[in-house]
Amino acid sequence: MFEWLNELGPRLYAAFLEGGRWQLYLQGLLTTIELTVVALIVGVILGVVVAVVRTAHDQQRPGRRKNIFLGILNLICQIYTTVIRGTPMLVQILIWGFVIFASSRNKFMVGVVALGINSGAYVAEIVRGGLMSVDMGQSEAGRSLGLGYLDTMRFIVIPQAFKNILPSLGNEFITLFKDTSLVNTIGLAELTYRAARIAGNTFDYMPPYIGIAIMYLVVVIILTWLQGKMERRLRQSDRR
């Protein structure tokens, strides 16, 4: 055991300190966080649009003539969510990186597109569930005040639905943060990619991979704490 401990010091030094390698981990972590935030923004925007289209289609009043344009958009949204949710994220990333954007050198952009579109499909179902959970009377009240469908969604329905979907959105953000490790397959220098390169240079895989596992865990714990704090504040505002 003491021999193992004596060997651990030089291994940790080679993995994290030699040649300033800790800076590579830090750069990779910052890239991972930046990628997560930008991809989530893309996913939320895309998800909200898809959710509003599908909700508008599902909430059309029975007996009235269906909106053909809305029906086509709803079909496109259904195909999108089915394909994205029905195929592995890794396969999607490989298609975006080596098929659709095979000639692109901007790996960050490719990662954002791949992760954002994947996240958008899941966010769409989360938001749609939240919109459907709001009583229909709220929408009718907005219409009675002279608001259009989009204004009713924007000012009345979506703010109420947000409180219901916040836990699920928080979980999606955490999942997306962890899934950024998959984009190392297309050569984006995020945290996992940096650890793999360092491990390949030192021929010692245990310290780098255990190290980044701890980094991921710490960030997830912080995100979970922030999510819980936000949920408590929303519950307090409801009581008031």
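Residues numbered from 1 in each chain as written. Predicted model: local features only at pLDDT ≥ 70, side-chain atom pairs only at ≥ 80, totals over all residues. Heavy atoms only, no water.

Visitor: Looking at this model, I keep getting lost on the pattern of salt bridges. Mind explaining?
Guide: Close approach of charged atoms allows side chains of opposite charge to pair. In the structure shown here, the tally under the stated rule is 5 salt bridges. A salt bridge links R11 to D204; the shortest N-O distance between them is 2.7 Å. Placement of R11 in helix α1 (residues 2-17) and of D204 in the loop between α8 (191-202) and α9 (206-239) is noted, with a sequence separation of 193 residues between them. Take R11: its relative accessible area is 23%, and that puts it in the partly exposed class. The class of D204 is buried, set by a relative accessible area of 16%. One salt bridge connects R54 with E125, and the closest N-O pair in it is separated by 3.1 Å. A residue pair is termed long-range when its members are at least 10 positions apart, and R54 in helix α2 (residues 21-58) and E125 in helix α5 (residues 107-133) qualify at 71 residues. A residue is classified by how much of its surface remains accessible, and R54, at 9% relative accessible area, is buried. (Salt bridge = Lys/Arg side-chain N within 4 Å of Asp/Glu carboxyl O. Helix = DSSP H or I, 4+ residues; strand = E, 2+ residues; numbered from the N terminus. Buried < 20%, exposed > 50% of the residue type's maximum accessible area, 1.4 Å probe, protein only.)

Visitor: It is not clear to me how unusual backbone geometry should be interpreted in this structure. Could you clarify?
Guide: Most peptide bonds are trans, and most residues other than glycine sit at a negative phi. Although it is not a glycine, F203 sits at a positive phi angle of roughly 55 degrees. In this structure, F203 sits in the loop between α8 and α9.

Visitor: Just to check I follow, could you spell out the side chain of T31 for this structure?
Guide: Position of T31 among the secondary structure elements: in helix α2. Residue T31 is classed as buried on the basis of its relative accessible area, which comes to 18%. Contacts of T31, omitting those with residues within four sequence positions, involve F108, A189 and E190. (Contact = heavy atoms within 4.5 Å.)

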